[in-house]
Amino acid sequence: MKFEITTLDGAEAGSVELDEAIFGLEPRADLLQRCVRWQLAKRQAGTHQTKQRGEIARTTKKLYKQKGTGNARHGAASAPQFRGGARAHGPVTRSHAHDLPKKVRALALRHALSAKVKSAELIVMDDARLDEGKTKALKERFGKLALSNALIIGGAELDQNFARAARNLPQIDVLPVQGINVYDILRREKLVLTRAAVDALEARFK
């Protein structure tokens, strides 16, 4: 698949041949949903917790004698029905992560890339570099490319000036190619890949 390359200033910079096995698939919503669900569950903190009976600092002395008072039988003030007592069946600290096969994750990434190509939301850029890390200058260049909501994937190492300038722009994310993932691809309108990122992705899926 032949795809045009553009520069950061919006000029043409030749073309690149995209691998059909990575960028030319028919997107499957079920794979994308499974991968996004796996990512969000994995990063969920799971630190919510209520105190169990053993964690309540209250007396364990019997409140009153067993019989003869006409009241229900109680043995400790930490019982859930008392004010200041424990929470019955409350949440505990746990991991929300679940397994997803590595092959399914890799396939979902290819389908996410193909989805951007099919919806004409992919831009291939020759390089993502700036002479100085000025947000105003980068915003003007993004205006030429009509980029206001985008994920930009660079090579193995990001240009620090470019990353610093993009850091102050809302709805613009910049990641090295190692950090590319399905959720970030789908949450932004445009996907921008540098030539180095395309080469790295094709080498990764060989």
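Residues numbered from 1 in each chain as written. Predicted model: local features only at pLDDT ≥ 70, side-chain atom pairs only at ≥ 80, totals over all residues. Heavy atoms only, no water.

K.L.:
Is there a simple way to explain the domain arrangement of the chain in this structure?
P.N.:
Put simply, an interface is often sized by how much accessible area is lost when its parts join up. Taken as a whole, the chain is organised into domain 1 (1–43 + 96–203) and domain 2 (46–92). Each of domain 1 and domain 2 has a C-alpha centre, and these two points are 54 Å apart. (Domains from an automatic or database assignment.)

K.L.:
Just to check I follow, could you spell out the pattern of salt bridges for this structure?
P.N.:
Any two side chains of opposite charge can pair, so long as their charged atoms come close to each other. Per the counting criterion, the structure on display carries nine salt bridges. When the shortest N-O distance is used, the salt bridge between arginine 28 and aspartate 30 registers 2.6 Å. A relative accessible area of 40% places arginine 28 in the partly exposed class. You can call aspartate 30 partly exposed: its relative accessible area is 39%. Between aspartate 173 and arginine 188 there is a salt bridge, with the nearest N and O atoms lying 2.9 Å from each other. Here aspartate 173, found in strand 5 (residues 172–175), pairs with arginine 188, found in the loop between helix 6 (182–187) and strand 6 (190–194); they are 15 residues apart in sequence, far enough to count as distant. Through salt bridges with shared partners, a single ionic network connects Asp173, Asp184, Arg187 and Arg188. (Salt bridge = Lys/Arg side-chain N within 4 Å of Asp/Glu carboxyl O. Buried < 20%, exposed > 50% of the residue type's maximum accessible area, 1.4 Å probe, protein only. Helix = DSSP H or I, 4+ residues; strand = E, 2+ residues; numbered from the N terminus.)

K.L.:
What's the story with a positive patch on the surface in this structure? I'm lost.
P.N.:
A cluster of basic side chains, namely Lys42, Lys102, Arg105 and Arg204, defines a positive patch on the protein surface. For arginine 105, the location among the structural elements is in helix 3 (residues 102–118). Among the residues examined, arginine 105 registers a relative accessible area of 30% and is labelled partly exposed. (Patch = residues over 30% accessible without salt bridge, like charges linked within 9 Å, V, L, I, M, F, W, Y side chains within 5 Å. Areas by Shrake-Rupley, 256 points an atom, 1.4 Å probe, with all protein chains shown as cover. Lys, Arg positive; Asp, Glu negative; His and termini not counted. Charge placed at Lys NZ, Arg CZ, Asp CG, Glu CD.)

K.L.:
Can you walk me through the packing of helix 2 (residues 29–43) against helix 3 in this structure?
P.N.:
Packed helix pairs are characterised by how far apart their axes lie and by the angle those axes make with each other. One can describe the packing of helix 2 onto helix 3 by two numbers: an axis separation of 9 Å at closest approach and a directional angle of 115 degrees. By crossing handedness, the relation of helix 2 to helix 3 is classed as left-handed. Facing Leu31, Leu32, Arg34, Cys35 and Trp38 of helix 2, the residues of helix 3 in contact are Val104, Arg105, Leu107, Ala108, His111 and Ala112. (Axes fitted to C-alpha atoms, helices over the stretch in contact; angles between N-to-C directions. Left-handed = near helix turned anticlockwise from the far one by under 90°. Contact = heavy atoms within 4.5 Å.)

K.L.:
Any chance you could explain helix 4 (residues 135–144) here in plain terms?
P.N.:
Each full turn of the α-helix corresponds to 3.6 residues, which orients residues three or four apart in the same direction. Buried within helix 4 we find Thr135, Leu138 and Phe142. In a view along the axis of helix 4, the buried residues occupy a sector of 65 degrees, so they form one face of it. Exposed side chains of helix 4 directed beyond 90 degrees from the buried face belong to Lys136, Glu140, Gly143 and Lys144. Packing partners of the buried residues in helix 4 comprise strand 4 (150–153), helix 5 (160–166) and strand 5. (Arc of directions from axis to C-beta.)

K.L.:
It is not clear to me how the sheet that holds strand 3 (residues 122–125) should be interpreted in this structure. Could you clarify?
P.N.:
As a general point, the strands of a sheet are linked pairwise by backbone hydrogen bonds and lie either parallel or antiparallel. One open sheet holds the six strands; their spatial order is 2-1-3-6-4-5, and the pairing between them is mixed. Bordering the open sheet on either side are strand 2 (12–17) and strand 5, each of which pairs with just one other strand. Strand-to-strand twist across the sheet, computed as the mean angle between neighbouring axes with direction ignored, equals 30 degrees. Two strands pair when backbone bridges link them, and strand 1 (residues 2–6) and strand 2 are joined in this way by four bridges, in the antiparallel orientation. Within strand 2, the position partnered with phenylalanine 3 by the bridge is valine 16. The sheet strands contacting helix 7 (residues 195–204) are strand 1, strand 2, strand 3, strand 4 and strand 6, and the helix crosses strand 6 at an angle near 85 degrees. (Pairing = 2+ DSSP bridges.)

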